[in-house]
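Letter by letter, the chains look like this.
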Amino acid sequence: MRTCNILSIAGSDPSGGAGIQADLKTFSALGGYGMAVVTALTAQSTAGVAGVQEVPAEFVGSQLETLLNDARVDAVKIGMLANTGVIRAVVKALDAYELPCVVLDPVMVAKSGDRLLSPDAIDAVRTELVPRADLITPNLPEAAELLGENERHDLSSMREQAERLVELGATRVLLKGGHLSGQSSTDLLVTPDGLTETFSAERIATRNTHGTGCTLSSAIATLRPQRRNFSEAVREAKDYLTEALRHADELDAGRGKGPVHH
Ligand code: PLP
């Protein structure tokens, strides 16, 4: 079988825990061939983000055009986009090249509390990117931002929020319940036919959770072309993340909140 080409459009994390570095490790671990278009550089360690240097939108466009005029892409993972200009450059490429299997992780704020998307760009994510994605993977704070409401932390609100995210035009929504408390972590997948599937996994006790969102969305993008449907890809991607969390404490990558272990 030919190897799937998976493209990450995301920011750089020099600590190797999140962003394109995490994406590329995940693509390789799950049998994909990784490609990457960088949207922003961060100065970052396990202690947090010290600075962000956004790549000019025209140059993001140029990276995409140069790559896509040449390479076949089987799936796309979109992560940190920084600002509206970069979002527009990505939207243009999604349309021009009719890119398949687009998994959008609507990254807004890092676990360290640092902003990775300018607040005035949330509207462009909501109206221009969400409707173009085959799957969006918001956590609870990101879902609340997209819906323009306060965060709510219970499973029944999650169901209702996931359905309203579909109403925003998302083809599929994987609403991640990692911010809820409990012994397991539960995510909800709402599909175009209105069905909701629940995915639960053991909650791993570790402070080293840097890059969990990047890893999950990248794993889904890599697995989807290799599996029959999103449901199978999500189940396996979640298992992959659980194992990466289980081994996170074996790493020694800094003194702060460390990365998961690919
Ligand atoms: N840095 C970059 C470049 C990212 O893309 C992300 C998340 O998507 C983060 C940092 C934050 O990762 P976390 O919130 O898991 O610490």
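Residues numbered from 1 in each chain as written. Predicted model: local features only at pLDDT ≥ 70, side-chain atom pairs only at ≥ 80, totals over all residues.

Going by the annotation in an unreviewed UniProt entry, the name recorded for the protein chain is Hydroxymethylpyrimidine kinase, with Streptomonospora alba given as the source organism. The Pathway (unreviewed entry) comment attached to the protein chain in UniProt states, word for word, "Cofactor biosynthesis; thiamine diphosphate biosynthesis; 4-amino-2-methyl-5-diphosphomethylpyrimidine from 5-amino-1-(5-phospho-D-ribosyl)imidazole: step 3/3." The annotation that UniProt attaches to the protein chain under Function (unreviewed entry) is "Catalyzes the phosphorylation of hydroxymethylpyrimidine phosphate (HMP-P) to HMP-PP, and of HMP to HMP-P." (UniProt positions renumbered as here; feature names shortened; annotations may be inferred.)

Novice: Before we move on, can you summarise the site of the ligand with the specific residues and values?
Specialist: Close contacts around the ligand come from 18 residues, with Gly11, Ala18, Gly19, Ala110 and Lys111 the closest. Those elements that place two or more of their residues in the shell around the ligand are β1 (5–12), β2 (33–45) and α7 (212–223). Residue contributions to the shell around the ligand peak at three residues, all from α7. (Near = placed C-beta within 6 Å. Helix = DSSP H or I, 4+ residues; strand = E, 2+ residues; numbered from the N terminus.)

Novice: So what about the packing of helix α1 (residues 19–29) against α7? Which residues, and what values?
Specialist: Each pair of packed helices can be summarised by the angle the axes make with each other and by the distance between the axes. α7 packs onto α1 with a crossing angle of 40 degrees between their chain directions and a minimal axis gap of 9 Å. The orientation of α1 with respect to α7, classified from their angle, is oblique. Considering only the axes of α1 and α7, their crossing is right-handed. Counting all contacts with α1, which are made through Gly19, Ala22, Asp23, Thr26 and Phe27, the residues of α7 involved are Cys214, Thr215, Ser218, Ala219 and Thr222. Taken together, the residues of the contact of α1 with α7 break down into four nonpolar, five polar and one charged. (Axes fitted to C-alpha atoms, helices over the stretch in contact; angles between N-to-C directions. Parallel < 35°, antiparallel > 145°, perpendicular 65-115°, else oblique. Left-handed = near helix turned anticlockwise from the far one by under 90°. Contact = placed C-beta atoms within 7 Å. Nonpolar A, V, L, I, M, F, W, Y, C, P; charged D, E, K, R; others polar.)

Novice: Tell me what's going on with the environment of Arg72, and back it up with residues and numbers.
Specialist: Mapped onto the elements, Arg72 comes out in the loop between α2 (57–68) and β4 (75–78). On the neighbour-count criterion, Arg72 (9 C-beta atoms within 10 Å) is exposed. Between the C-alpha atom of Arg72 and that of Asn5, which follows or precedes it by 67 residues, the distance is 6.9 Å. (Buried ≥ 20, exposed ≤ 12 C-beta atoms within 10 Å, placed from the backbone.)

Novice: Break down the environment of Ala82 for me, citing the residues and quoting the values.
Specialist: For Ala82, the position within the fold is in the loop between β4 and α3 (84–96). Its 24 C-beta neighbours within 10 Å are what place Ala82 among the buried residues. Measuring from C-alpha to C-alpha, the distance between Ala82 and Arg255 comes to 26 Å, with 173 residues separating the pair along the chain.

Novice: Can you break down α7 residue by residue, with the values?
Specialist: An α-helical segment advances 3.6 residues per turn. Residues three or four places apart therefore align on the same side. Over its 12 residues, α7 extends 16 Å from the first C-alpha to the last, a length consistent with the 16 Å expected when each residue adds 1.5 Å. Each element contacted by the buried residues of α7 is listed here: β1, α1, β4, β5 (102–104), β6 (135–136) and α8 (230–246). (Expected span 1.5 Å × (residues − 1).)

Novice: Describe in detail the pairing of strand β9 (residues 196–202), supporting the description with residues and values.
Specialist: Direction of pairing for strand β8 (residues 184–190) relative to β9: antiparallel, over a ladder of seven bridges. Of the residues in β9, the one forming a bridge with Ser184 is Glu202. Hairpin connection between β8 and β9: a loop of five residues separates the two successive antiparallel strands, and Gly194 in this loop has a positive phi of roughly 85 degrees. (Pairing = 2+ DSSP bridges.)

Novice: Give me the lowdown on the nonpolar core, citing residues and values where you can.
Specialist: By size, the foremost hydrophobic cluster in this structure holds 73 residues, and its most contacted members are Val76, Val90, Val103 and Ile220. It is α8 that contributes the most residues to this core, eight residues altogether. In this structure Ile220 touches Val103, Leu135, Ala233, Val234 and Ala237, once residues within four positions along its chain are discounted. (Core = buried A, V, L, I, M, F, W, Y, C linked by C-beta atoms within 7 Å.)

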